[in-house]
Amino acid sequence: MTFPLLSLVLFAFLYPVWVVHRQTLGMHETVEKTPEAWPAPYDDICFTTNEGILLKGWWVPAESRKAVLLLHGNGGSRNGYHSGVFELGRRYHERGFNVMMVDLRAHGESGGKRIYFGVRESVDMLEWLKRFDSDWRYRWSLHGFSMGAATVLMMAEYAPERFDFVAADAPWIDFPYLVRQELWKRSRLPAFTYGYICWIAETFFGQNFTKADNRARCKKLCNRNVLYIFEGEDALIVPYHREILKKQCSEAKMRVFGKVGHVDAFKTSPERYMEMI
């Protein structure tokens, strides 16, 4: 085998490995504000996962049994720079909710290096809630953005009796479709490499793309109190996902905010957004 040919073969094998490695890394950042700015008293809370990863967050108490867990998306944190989740927490608190806000693993000030597209994150959050509210004192709602939206859907599937209401803002529905779309956009890898990418992700990085897919999950949640929120000009979660959602659950409660991009609905129209939920 000639050197140029060997180099091409090695590149074809190793470049997808590098792509999966890069696309599954988290993004840490310093949390620069606290609920004192709302203003509201709060507690710093933490939880160590079964894998030994330290997760950090806030508990903002209120005088009610209503509680909401707010989850940012990939690349975000409690700061809420992408989705506005920090301001959303204030709005919930003003409406009498106890508010729990956290940095998912590999984000913000939480530990961990790699993301798992909600698969391990949902287990983290369920275990944390089980520890935090072991006597079921609170009536919980869930609200997540993008990967956080996929995470709350998984949580609702695994423990449906635990949650009164779920809001999923910009969740993917067809995960294989999303991966194929982003492979080309981010890495110029064609869609037919998806099978190889799945093998790499599972073999070397502990991913589970099958569990990350939400198509069957949405069908299971069809009779639950779930609100799906989409943005009309979202270049990541394209209209195809809404079509698939309707096929899986024709009765799905869905709201579409036109002329806004990915997870921008709340930041663009906070009053309308809060009235909707």
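Going by the structure above, here's the rest.
Residues numbered from 1 in each chain as written. Predicted model: local features only at pLDDT ≥ 70, side-chain atom pairs only at ≥ 80, totals over all residues. Heavy atoms only, no water.

### Topic: the sheet that holds strand E3 (residues 54–60)
Now for step 1: Strand order in the open sheet formed by eight strands is E2-E3-E5-E4-E7-E8-E9-E10, and the pairing between neighbours is mixed. Of all strands in the sheet, those with a lone pairing partner are strand E2 (43–48) and strand E10 (253–257), marking the two edges. In this sheet, adjacent strand axes meet at a mean angle of 20° when their direction is disregarded.
Now for step 2: Here strand E4 (residues 66–71) pairs with strand E7 (residues 139–145) via six bridges, running parallel. Bridge pairing in E7 links Lys 66 to Arg 139. (Pairing = 2+ DSSP bridges. Helix = DSSP H or I, 4+ residues; strand = E, 2+ residues; numbered from the N terminus. Axes fitted to C-alpha atoms, helices over the stretch in contact; angles between N-to-C directions.)

### Thoughts on the state of the cysteines
Joining two cysteines, a disulfide is a covalent bond between their sulfur atoms.
Now for step 1: In total, this model carries one disulfide according to the counting rule given.
Now for step 2: One disulfide in the model links Cys 222 with Cys 249; its S-S distance is 2.0 Å. Between Cys 222 and Cys 249 the sulfur-sulfur dihedral comes to about 80°; the bridge is accordingly right-handed. Here Cys 222 is found in the loop between helix H8 (215–220) and strand E9 (226–231), whereas its partner Cys 249 is found in the loop between helix H9 (239–248) and E10, with 27 residues between them in sequence.
Now for step 3: A residue is classified by how much of its surface remains accessible, and Cys 222, at 24% relative accessible area, is partly exposed.
Now for step 4: Among the residues examined, Cys 249 registers a relative accessible area of 3% and is labelled buried.
Now for step 5: Of all cysteine sulfurs, the one in Cys 218 lies closest to Cys 198, which takes part in no disulfide; the gap is 19 Å. (Disulfide = S-S within 2.5 Å. Buried < 20%, exposed > 50% of the residue type's maximum accessible area, 1.4 Å probe, protein only.)

The quantities given are spatial measurements derived from coordinates; they are silent on function.
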